[in-house]
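Observations on the model geometry
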Amino acid sequence: GAGVSQSPSNKVTEKGKDVELRCDPISGHTALYWYRQRLGQGLEFLIYFQGNSAPDKSGLPSDRFSAERTGESVSTLTIQRTQQEDSAVYLCASSLPQGANSPLHFGNGTRLTVT
Amino acid sequence: GQSLEQPSEVTAVEGAIVQINCTYQTSGFYGLSWYQQHDGGAPTFLSYNALDGLEETGRFSSFLSRSDSYGYLLLQELQMKDSASYFCAVRDRRRNTGKLIFGQGTTLQVKP
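Residues numbered from 1 in each chain as written. Chains lettered and ligands numbered in written order. Predicted model: local features only at pLDDT ≥ 70, side-chain atom pairs only at ≥ 80, totals over all residues. Heavy atoms only, no water.

1. Examining the overall build of chain B
Scanning chain B from N- to C-terminus turns up zero helices and 11 strands. Taken from N to C terminus, the helices and strands of chain B fall in the order β-β-β-β-β-β-β-β-β-β-β. Taking 112 residues into account, the globule formula puts the C-alpha radius of gyration at 13 Å, and chain B, at 14 Å, falls close to it. Overall, chain B is about 45 × 30 × 20 Å in size when its C-alpha atoms are taken along their principal axes. Looking at chain B as a whole, 49% of its 112 residues qualify as buried. Within chain B, contacts between residues separated by at least 24 positions form 56% of all contacts whose residues are at least 6 apart in sequence. Surface exposure of chain B reaches about 5,500 Å², of which carbon and sulfur atoms provide 45%. Across chain B, the mean location of the 9 positive side-chain charges is 11 Å away from that of the 11 negative side-chain charges. (Helix = DSSP H or I, 4+ residues; strand = E, 2+ residues; numbered from the N terminus. Rg over C-alpha atoms; globule rule 2.2 N^0.38 Å. Buried < 20%, exposed > 50% of the residue type's maximum accessible area, 1.4 Å probe, protein only. Contact = heavy atoms within 4.5 Å. Areas by Shrake-Rupley, 256 points an atom, 1.4 Å probe, with all protein chains shown as cover. Lys, Arg positive; Asp, Glu negative; His and termini not counted. Charge placed at Lys NZ, Arg CZ, Asp CG, Glu CD.)

2. Points about the sheet that holds strand E8 (residues 70–75) of chain B
All names here are of chain B. Taken in spatial order, the five strands line up as E1-E3-E8-E7-E6 in an open sheet, and their pairing is antiparallel. Each edge of the open sheet carries a strand with a single partner, namely strand E1 (3–5) and strand E6 (53–57). When the angles between neighbouring strand axes are averaged without regard to direction, this sheet yields 20 degrees. Relative to strand E7 (residues 60–65), E6 runs antiparallel, the two sharing five bridges. When the bridges of E7 are listed, Leu54 appears paired with Phe63. (Pairing = 2+ DSSP bridges. Axes fitted to C-alpha atoms, helices over the stretch in contact; angles between N-to-C directions.)

3. A short note on the pairing of strand E7 (residues 75–79) of chain A
Residue and element names in this part refer to chain A. The element E7 is largely enclosed, with a buried count of five among its five residues. What you see with E7 is no split at all: Ser75, Leu77 and Ile79 on one side and Thr76 and Thr78 on the other are buried throughout. Examined bridge by bridge, strand E3 (residues 19–24) and E7 share five bridges and lie antiparallel to one another. Bridge pairing in E7 links Arg22 to Thr76. Where strand E6 (residues 65–69) and E7 come together, five bridges link them in antiparallel fashion.

Encoded structure:
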């Protein structure tokens, strides 16, 4: 079936505005991850959802960041009062139920530019 | 917590063999994974090692030594299309989380 889908692919916003990023995981993938990747940098963990368990929010950089997931489907990452340092590619990934060898399948990301 | 160290850049010529090392510190070990990311693209899974030794998948192999907290990705018969960033990753074993933590990545440049 289809892979992980993210929208929008690109988003340009003014400093101080709120943005909402969307992720549609692969059907049947109960685990969902959000990562941030600044230009030329590694993947910075933001948040992890696994089934009905409480999400691991330990990577969210500030209270301006929040994420939700509806059941085992769509997830949205919201950034409030955007700042220029929020400019990055936001990557979503999904995987089968957590197991030792459940590879992550990534979407193509949303490139966020805050002007 | 978890941390991973890998070289920032590696350069090699077409047809050669290159090894990308990864050392990790973790409070509990649950396997070492490798991902490839071409410029502007999404990361894709390459390999996974749970036990010591070498795992081979075509031109790519991955090695793990749990006693040394060390692993490497070996790329043979390098091709221009192998130019990409390579990330090692470990899974957080702490209770109630299974997040995957990535290294900062190694940029491989393959030259003609």
